[in-house]
Amino acid sequence: MENIKCVIIGAGPAGYTAAIYAGRANLSPVLYEGVLPGGQLTTTTEIENFPGYPDGIDGFTMMEDIKRQAERFGTDVRQGAVTAVNFAVHPFQLEIDGRTNVLAQTVIIATGASAKYLGLPDEQHYAGHGVSACATCDGFFYRGKRVAVVGGGDTACEEATYLAGLAEKVYLIVRKPCLRASDIMQKRVQQAENIEILFEHETIGLFGEKGVEGALLVRKRGTEDEQQVKIAIDGFFLAIGHHPNSEIFAPYIHTDSQGYICTEAGTPRTNIAGIFAAGDVADPHYRQAITAAASGCKAAIEAINFIRN
Ligand code: NDP
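What counts, and where the lines are drawn
Residues numbered from 1 in each chain as written. Predicted model: local features only at pLDDT ≥ 70, side-chain atom pairs only at ≥ 80, totals over all residues. Heavy atoms only, no water. Helix = DSSP H or I, 4+ residues; strand = E, 2+ residues; numbered from the N terminus. Expected span 1.5 Å × (residues − 1). Buried < 20%, exposed > 50% of the residue type's maximum accessible area, 1.4 Å probe, protein only. Arc of directions from axis to C-beta. Contact = heavy atoms within 4.5 Å. Pairing = 2+ DSSP bridges.

Colleague: What's the story with helix H2 (residues 59–72) in this structure? I'm lost.
Modeller: Structurally, the α-helix is built with 3.6 residues per turn, so residues lying three or four positions apart point the same way. The end-to-end C-alpha separation of H2 is 20 Å, in line with the 20 Å expected for 14 residues at 1.5 Å each. Those residues of H2 not exposed but buried are Gly59, Met62, Met63, Ile66, Lys67 and Ala70. Angular distribution of buried residues about the axis of H2 spans 135 degrees; they occupy a single face of the element. Every exposed residue of H2 that faces more than 90 degrees away from the buried side is listed here: Arg68 and Arg72. Buried residues belonging to H2 abut helix H1 (13–24), strand S3 (46–47), strand S4 (57–58) and strand S5 (76–78).

Dropping the structure here:
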């Protein structure tokens, strides 16, 4: 069975940065891209806050650049997702796509996080027919149409602003009476003439014959003024946060109540020596491309030290 010095799981900024460092230290890292090569940044629009890009850069291009940088130093970037692990033995065992097995002397988990859904049966019913968690992936289909975005954070504001450039009308459905997003993102939403913010509204269902034609909302739920509201929309976008992709590791690796991998304070070390976690899968707090990249760097340095010692 192939015995790899350093396996990196995940192809976002954390994974690729780890690969650059591990590659430059001659660890010949193998990086499994998983189901979303490039990670969440490939589903975002312009990245304006990553140092070194004074004019901003689109997420896809940035990830392609980091990937090339990782490959330049000998990273073997492979298609495929890690579907099962056995971390009770060393070298660690990993199963790829339910078929191939490999051994790893060190593992860097950089599997990131995935979009959350509200949990309404209608979200599944209309999946791919008007329900999406990625405006930049699917916004194109809603040119000149009416859409809604759920959420009040930076992601929701970013998605709403992006969609406002394509759609005729964008509703931003916010459960609280205020937005959580940063000032600059809030301002962009407020300045867009075709975005209407529906504060204190919650979605309880979607309707439509073949695809989404509208959403059923409740305004001021649980108060005297509670009221049901229907909006006519063709697309319904979720932007209510993410959950960490840690499920397959949880039997071995300590996670918190939300599933984020617990690491030793200030380091990417997990409860198992030789296994490190970097990026959003271990970060319930900052969740930025730059912090993910930094933790990927730390994880690689730890892996290098582990192999040397
Ligand atoms: P956040 O956790 O910041 O915000 C989630 C939003 O969804 C909140 O408004 C929350 O409401 C709402 N929400 C959560 N669950 C539900 C629900 N069941 N029903 C209705 N609404 C719900 O997540 P984001 O993805 O927006 O951001 C994550 C991190 O990434 C943040 O640190 C953010 O700053 C960062 N980010 C930065 C960007 C940038 O700088 N350009 C772009 C995108 C993200 P409530 O407020 O009531 O809890």
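Colleague: It is not clear to me how H1 should be interpreted in this structure. Could you clarify?
Modeller: Taking 1.5 Å as the rise per residue, H1 with twelve residues should run 16 Å; its terminal C-alpha atoms sit 17 Å apart, in good agreement. Where burial is concerned, most of H1 is hidden: ten out of the twelve residues are buried. Those residues of H1 that fall on the buried side of the exposure criterion are Pro13, Ala14, Gly15, Tyr16, Thr17, Ala18, Ala19, Ile20, Ala22 and Gly23. After H1 finishes, the residue Asn26 shows a positive phi value of roughly 65 degrees.

Colleague: How should I be thinking about the pairing of strand S15 (residues 214–219) in this particular structure?
Modeller: The side chains of a regular strand alternate between the sheet's two faces. Where strand S14 (residues 201–207) meets S15, six bridges bridge the pair, whose relative direction is antiparallel. The residue bridging His201 from the neighbouring strand is Arg219, located in S15. Pairing between S15 and strand S16 (residues 227–232): six bridges, direction antiparallel. Looking across to S16, one finds that Val218 is bridged to Gln228.

Colleague: Where do I start with the sheet that holds strand S12 (residues 169–174) in this structure?
Modeller: Strand-to-strand pairing in sheets goes through backbone hydrogen bonds, with the strands running parallel or antiparallel. With parallel pairing, five strands are arranged side by side in an open sheet as S10-S17-S11-S12-S13. Strand pairing shows two members of the sheet lacking a second neighbour, strand S10 (131–132) and strand S13 (195–199), which therefore form its edges. Across five bridges, the pairing between S12 and S13 is parallel. Bridging from a neighbouring strand, Ile173 pairs with Leu198 of S13.

Any link to function would need more than the numbers given here.
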